[in-house]
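Notes for the structure review
Each chain, letter by letter, is given below.
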Amino acid sequence: DVRSLQDRYEDSFAIGAAVEPYQLEGIQGEILKHHYNSIVAENVMKPINIHPEEKRYDFEEADKIVQFAKENDMEVRFHNLVWHSQVPDWFFLDKEGNKMVEETSPKQQEKNKRLLLKRLEKHIKTIVKRYKDDVDSWDVVNEVIDEYASNDRALRESPWYQITGTDYIKTAFETARKYADEDAKLYINDYNTEVEPKRTYLYNLVVELLEEGVPIDGVGHQAHIQLGWPSLQETEDAINMFADLGLDNQITELDVSIYGWPPAPAYESYDAIPDSVFQTQADRYSDLFELFERLDDKISNVTFWGIADNHTWLDDRAEEYNDGAGKDAPFVFDPDYNVKPAYWTIID
Ligand code: G3I
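The following refers to the structure shown. (Residues numbered from 1 in each chain as written. Predicted model: local features only at pLDDT ≥ 70, side-chain atom pairs only at ≥ 80, totals over all residues.)

1. Observations regarding the overall build of the chain
Helix and strand content of the chain: 12 helices and 9 strands. Relative to its length of 348 residues, the chain is compact, with a C-alpha radius of gyration of 20 Å against a globular reference of 20 Å. Projected onto its principal axes, the C-alpha positions of the chain cover 65 × 45 × 40 Å. Taking all 348 residues of the chain together, the buried fraction comes to 43%. For the chain, contacts bridging at least 24 residues in sequence account for 76% of all contacts bridging at least 6. (Helix = DSSP H or I, 4+ residues; strand = E, 2+ residues; numbered from the N terminus. Rg over C-alpha atoms; globule rule 2.2 N^0.38 Å. Buried ≥ 20, exposed ≤ 12 C-beta atoms within 10 Å, placed from the backbone. Contact = placed C-beta atoms within 7 Å.)

Structure, rendered in structure tokens:
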């Protein structure tokens with residue numbers, strides 16, 4: 001019965017959570033209804049889940065989340081229409097089943113590019129038309145910048161890029177704009193958007209796309225962050241930079257890991273995490289939400305990448321580096337759904 005997050009930030013921005021459909025039920029469903037007024041799928045709306053084969057879409061799981069949002073008057077973020085990961089292979093095979101990226105003849109390359117862009121258009125058209133009335137924010141493209149890429153614009157060298165250059169990004173936004181509700185907003189979403197040099201690479205791409213008339217409405221900052229990284233100033237600068245272009249900002253995948261990088265050595269269990277760590281995390285959350293609130297005319301949504309500490313992708317990451325033993329604790333609810341110190345600092 002504690003005060004809800006959505007109520008606390010009602011005047012500033014929507015408060016969201018990423019979910020798997022099973023989390024819509026029971027106590028997690030109750031927490032969702034109480035605290036959040038926005039929702040996003042952690043996995044089930046990704047290309048591989050929703051469009052596993054060229055002629056087969058699977059909307060069942062995605063529909064559950066959209067239905068829950070409708071029943072509870074929540075906003076929906078759609079994550080995502082285009083990504084290099086969790087995308088089925090069929091997109092990148094030509095009609096003979098050959099890998100498009102391996103084609104060397106310019107003529108066939110041109111043909112492949114046209115085919116891929118056609119498939120992309122169809123993919124986006126089908127999904128956007130289906131959820132047009134339900135989705136408020138679309139992650140149109142996800143993670144297209146890779147600061148380690150070998151090209152000088154740091155464009156991620158995914159099959160999308162290798163086959164189409166940046167045309168896939170333009171086609172994605174243009175197609176989404178064509179079929180989405182006119183009030184729905186279109187986002188370019190990425191991680192480490194706060195830190196240089198990635199921030200500038202993303203900024204330059206966005207400027208270039210805007211100059212070409214590509215309909216981008218905003219930048220999604222994933223914000224998978226740590227207790228001491230990135231700095232608050234870097235986060236503030238990133239929001240201001242994109243706002244100065246006339247764009248909206250959303251915090252799309254917020255979690256505050258209790259680890260640095262790599263996440264080792266790690267705590268073996270939740271009970272082994274000292275109280276002082278939760279206190280440091282609470283201070284960190286406090287600073288962040290103070291910043292978000294101060295910039296609230298530039299930020300329309302703050303979404304956590306999960307609900308409570310019993311379910312987070314960060315556990316997989318910590319376990320990987322610690323022989324299966326790491327436990328992370330990135331949210332404001334503990335594994336039993338009790339509020340943590342971080343909850344109190346962002347409520348007060
Ligand atoms: O559904 C299958 C299941 O059938 C299978 O038995 C099991 C075995 O590994 O895997 C299950 O799929 C897993 C899926 O999550 C659903 O649980 C995948 O292996 C696993 O890789 C996948 O991880 C997701 C990850 O994206 C994929 O890259 C995480 O849950 C999800 O939190 C994470 O989210 C991403 C955002 O989309 C983009 N930004 C970064 C963020 C964190 O990596």
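Now that the structure has been shown, we can carry on.
2. Topic: helix α8 (residues 198-211)
Between the first and last C-alpha of α8 there are 20 Å, a value that for 14 residues agrees with the 20 Å anticipated at 1.5 Å per step. In this structure, the buried residues of α8 make contact with β5 (185-190), β6 (218-221) and α9 (232-243). Of the residues flanking the end of α8, it is G213, one or two places downstream, whose phi is positive at about 85 degrees. (Expected span 1.5 Å × (residues − 1).)

3. As for helix α4 (residues 60-71)
For α4, built from 12 residues, the straight-helix expectation of 16 Å at 1.5 Å per residue is met to within 8% by its first-to-last C-alpha distance of 17 Å. Following α4 by one or two positions, D73 has its phi on the positive side, about 55 degrees.

It is worth stressing that arrangement in space is one thing and function is another; only the former is reported here.
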